[in-house]
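Given next are the chains, with one letter for each unit.
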Amino acid sequence: MHHHVLPEKLWLKILIGMIVGVGIALNVSIPESYMPWVELPGDMFIGILKMVIVPLVLSSVILGIGSAGSLSYLRSMGVRLIPYFIFTTAVAITIGLTITSVVEPGLAIDQSLMKPAEQVTTQKLLDITIPERIMNVVPVNPAEAQLSKNMLQLVILGVIAGIALLMLRTKSTKTFRDVCEFTQDACMLVVGWAMWLAPFAVASLMITAVSAMGLSALSSMALYVACVVGGLMTMMVVYMVIVWIIAKRNPFQFLSDIRAAQIVAFSTSSSLATMPVTLSVAEERLKTSDDVHGFVVPLGATINMDGTAMYQAVVALFLCQVFGIDLSMGETVILVVTTIGASIGTPGLPGVGVIVLATILSGIGVPSEGVGMILGVDRLLDMCRTTINITGDLTATAVMQRWMHK
Amino acid sequence: MQHNTLPDRLWLKILVGMILGVVCALMIEIKDPWREWIIFPGDLFIYLLRMVIVPLVLSSVILGVANAGSLDHLKRMGVRLFPYFVGTTIISIMIGIFLTSLFQPGITVDASTVEREFLTNNRDVFDNLTIPDRILSTIPVNQAQALLDKDMLQLVVLGIVTGIAFLTIKSKAVKTCRDICEFVQDMSMMIVNWAMMFVPLAVFSLMIKAISTMGMSGVLGIAYYALSVVCGLLCLLCLYLIIVTFVAKRDPLQFLKDIRSAQIVAFSSSSSSTTMPVSMNVAENKLKIDKKISSFSIPVGATVNMDGTALYQATAAIFLCQIFKIDLSVWETVLLIFTTVVASIGTPALPGAGLIVLTSILTSIGIPTGGIALILGVDRLLDMCRTTINVTGDLTAAAVMQQWMGKKKPKYERKSKDN
């Protein structure tokens, strides 16, 4: 990545786009036939970002590991990163559970408001045992992994190819590395083009999001929404403390560096689509080194989802409160951990975690109306938790930069 | 493309194969177990061409864009060249549609004799897509999917993006990737050459397959169809000479004389890409076109600008519509023009590729692709004609570009010629 892909004052432009989008959505009623045109810039933006994800994840992970220099360096990065991911996820779950048990939003819900959810069958997903789930992570068929965009398999494929790049001492590794470098550069070039579209895209995405968001559902669930948002805000504060104390950076500077990625995450509500932006923010604004962000950002976007984990904790406890199901704290934690485990192995479809959780909950006596209630405000909360997910990935990048390059 | 090793007198052998095929099909009644084996070489030929089409499209488009030299030059050329290409392609498609509607060659062919193997309800699927959806569908969001589906437009977009990356990125790695692309292109052309080895046999078997399902009235209809294609191509040639006279400000007779050698090579090889080195030589030595202009517009033109092919595809589509008694609405006609423009941009410059692209055009407007078997028999002859027109179109475009771009650079343009 030798040239800059993020335009100057990008965050300001996309913030304006966002505000304009919300303004239009609230004040103008757009006829149904024009909606595809309104959605076009946003869909195009996401399409262009998604276009580069597979080659970008593969090439970044390969080069990130390839530029680690040695296997022992790689090992020392791994033994720090994985516990760090688990630790922050645990913190997020704890915050979520604490806030929900204190505020008790489930008791304020009028059960007559509930409507039945669309029937979703995810039973198959839950039948998979843990050994099977681990086996599913092995990229048995790389073409299949690319076709279905199974990110976890692609990351593992990249890790293996990167290790091969480190270990093999033949001339052809140079050629392979060249190809990866070109691929990565080409992807970032395309991301740079997408960034020029970003302000319009964000406006169009906001219009779509606001009109898809049931605002009436929002008011009746206000306390629940407040719990999730409050929990996510707390998590943000935790990140800033980590940035300040562990990564030894000025948290305000950090926030202003990453806000472009945050806004893109908020409006697309997809960690994966935001990943190219996250990578370029890490490279150009946080000035982390290739071996750190090339590995941490793709891996983080795939498995480190603190915002999502917290959200699931809140949902689980909230639904139990609504339907008067008594779970001990231990049982709740097990429930949440199982859900997160299940959602890691599944391809990154939006909202899949909630469905998995709901299916588990229905097994312990929560009726399907509960899921419908949750899904009504899911879009807005999805936007918020994606922002936190991205912030978590970038915080992890800053921390690893500090630990690995003192 | 270094190996221009097309067999000698190929067209003659193919003609012999074709005539033999027609004669065999009419004289001998072929029994069922043998039929499969007689059809086999033709299908093998088609399969071989289909096998190389994805890597060939990708590598040609990438290298075509990368050959422009610099991004700035690419941009300056692009904003002139592409509207010109699209404009001439649309005109040639309209000539094709107009002449076919006038001549009505499909009326004489009986639809019930043709296999309707691919007649499905694709029509509905295509109609339901909105224009924004269609724009979005050109983004190669999932490259593995694009490769799997052989989505040509997505592959062309992917190729252009990669080609621009070749131009923009200044690192040593680019050389390696370029080598890989060149190898892929050469390898694809090598496989095409293998396919060309047995094309007389393939045509023989394809003719038997076509004739045995067609009957005599079909042959008559096809002759009439061939005539309308050739008429259209002649109209297009006249249009080029008018463009040469008024836009490029050259003497049209002198121009024709200059490009003759390229035309003869194009007609006998019926491959724009094989002819490309000759066209380049002609453009520089005979037409005195600046090397920077010719080295961009000739290769890109050979890849992207195929007016003859577009005219032929439009004619074929309308012809098959007439056979199957499908009435195209105005919107569907516009769609046909649009799809054909896009497809002619995505058609690689090799013999036979046009047919495969035609399949996708037909599918997109809901015409049974089984009808292609009908027109395969005369395809070779028409391919020779339309390739000649394609190459003429590329050289006309180069002359026009010289006139347009030359004005921007008065340094060595003033003294040479300015009437």
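Residues numbered from 1 in each chain as written. Chains lettered and ligands numbered in written order. Predicted model: local features only at pLDDT ≥ 70, side-chain atom pairs only at ≥ 80, totals over all residues. Heavy atoms only, no water.

1. Observations concerning helix α10 (residues 222-245) of chain A
One turn of an α-helix holds 3.6 residues; hence residues three or four places apart share an orientation. Filter applied, for reference: Strands are runs of DSSP state E lasting at least two residues, helices are runs of H or I lasting at least four, and both sets are numbered from the N terminus onward. For a helix, the expected span equals 1.5 Å multiplied by the number of residues minus one. Throughout this description, buried means an accessible area under 20% of the type-specific maximum (1.4 Å probe, protein chains only), exposed means over 50%, and partly exposed covers the range between.
With 24 residues, α10(A) should reach 34 Å at 1.5 Å per residue; the first-to-last C-alpha distance of 34 Å fits that figure. Tyr224(A), Val225(A), Cys227(A), Val228(A), Gly231(A), Leu232(A), Met235(A), Met236(A), Tyr239(A), Met240(A), Ile242(A) and Val243(A) are the residues of α10(A) that are buried.

2. Focus: the nonpolar core
Rules: Put simply, a nonpolar core is a bunch of buried Ala, Val, Leu, Ile, Met, Phe, Trp, Tyr and Cys residues held in one set by side-chain atoms that sit within 4.5 Å of each other. Contacts: residue pairs with any heavy atoms within 4.5 Å of one another.
Of all hydrophobic cores here, the largest spans 118 residues; its most connected members are Tyr224(A), Phe318(A), Leu319(A) and Leu394(A). Among the elements that line this core, the one with the most residues is helix α2 (residues 35-66) of chain A, at 13 residues. Not counting residues within four places of it along the chain, the set of residues in contact with Leu394(A) comprises Phe254(A), Ile258(A), Ala261(A), Thr278(A), Val281(A), Ala282(A) and Leu286(A). Listed in part, the 38 residues of the second largest apolar core include Ile97(B), Phe324(B), Ile337(B) and Ile361(B).

3. Thoughts on unusual backbone geometry
Positive phi, normally seen in glycine, also occurs at Lys287(A), with a value near 55°. Relative to the helices and strands, Lys287(A) is located in the loop between α12 (271-284) and α13 (290-303). When its relative accessible area of 59% is taken as the criterion, Lys287(A) is described as exposed. A positive phi is found at Gln104(B), a non-glycine position, where the angle reads about 50°.

4. Examining the environment of Cys187(A)
All names here are of chain A. Mapped onto the fold, cysteine 187 is located in helix α8 (residues 172-212). On the accessibility criterion, cysteine 187 (5% relative accessible area) is buried. Linking cysteine 187 and leucine 49, residues 138 residues apart in sequence, is a C-alpha distance of 9.0 Å. Ignoring any residue separated from it by four or fewer positions in sequence, one finds cysteine 187 in contact with Val52, Pro55 and Leu56.

5. Topic: the interface of chain B and chain A
Stated precisely, the cut-off is as follows: Joining two parts hides part of their accessible area as seen by a 1.4 Å probe, and the buried area is that hidden amount summed over both. Whenever Lys or Arg places a side-chain nitrogen within 4 Å of a carboxyl oxygen from Asp or Glu, that contact is recorded as a salt bridge. Identification of polar contacts relies on pairs of N or O atoms within 3.5 Å, with a donor-acceptor requirement for protein atoms, meaning one able to donate a hydrogen and the other able to accept it, and with residues adjacent in sequence counted only if both atoms are side-chain atoms. Just so you know the grouping, Ala, Val, Leu, Ile, Met, Phe, Trp, Tyr, Cys and Pro go in nonpolar, Asp, Glu, Lys and Arg go in charged, and all remaining residues, Gly too, go in polar.
On the chain A side, the residues contacting the 27 residues of chain B number 24 residues. When chain B packs against chain A, close to 2200 Å² is buried across both sides, 82% of that on carbon and sulfur atoms. Of all residues in chain B, the largest losses of buried area upon contact with chain A belong to Pro132(B), Val141(B) and Ile169(B), amounting jointly to 21% of the total for that side. Along the contact surface separating chain B from chain A lie zero salt bridges. For the pair chain B and chain A, the interface holds three residue pairs in polar contact (both at pLDDT 80 or more). Mapped onto the side of chain B that touches chain A, the elements with two or more residues apiece are α5 (131-136), α6 (143-149), α7 (152-168) and α8 (173-197) of chain B. Per-element accounting of the side of chain B that touches chain A gives the leading share, six residues, to α7(B). Partitioned by chemical class, the residues of the side of chain B that touches chain A number 18 nonpolar, eight polar and one charged.

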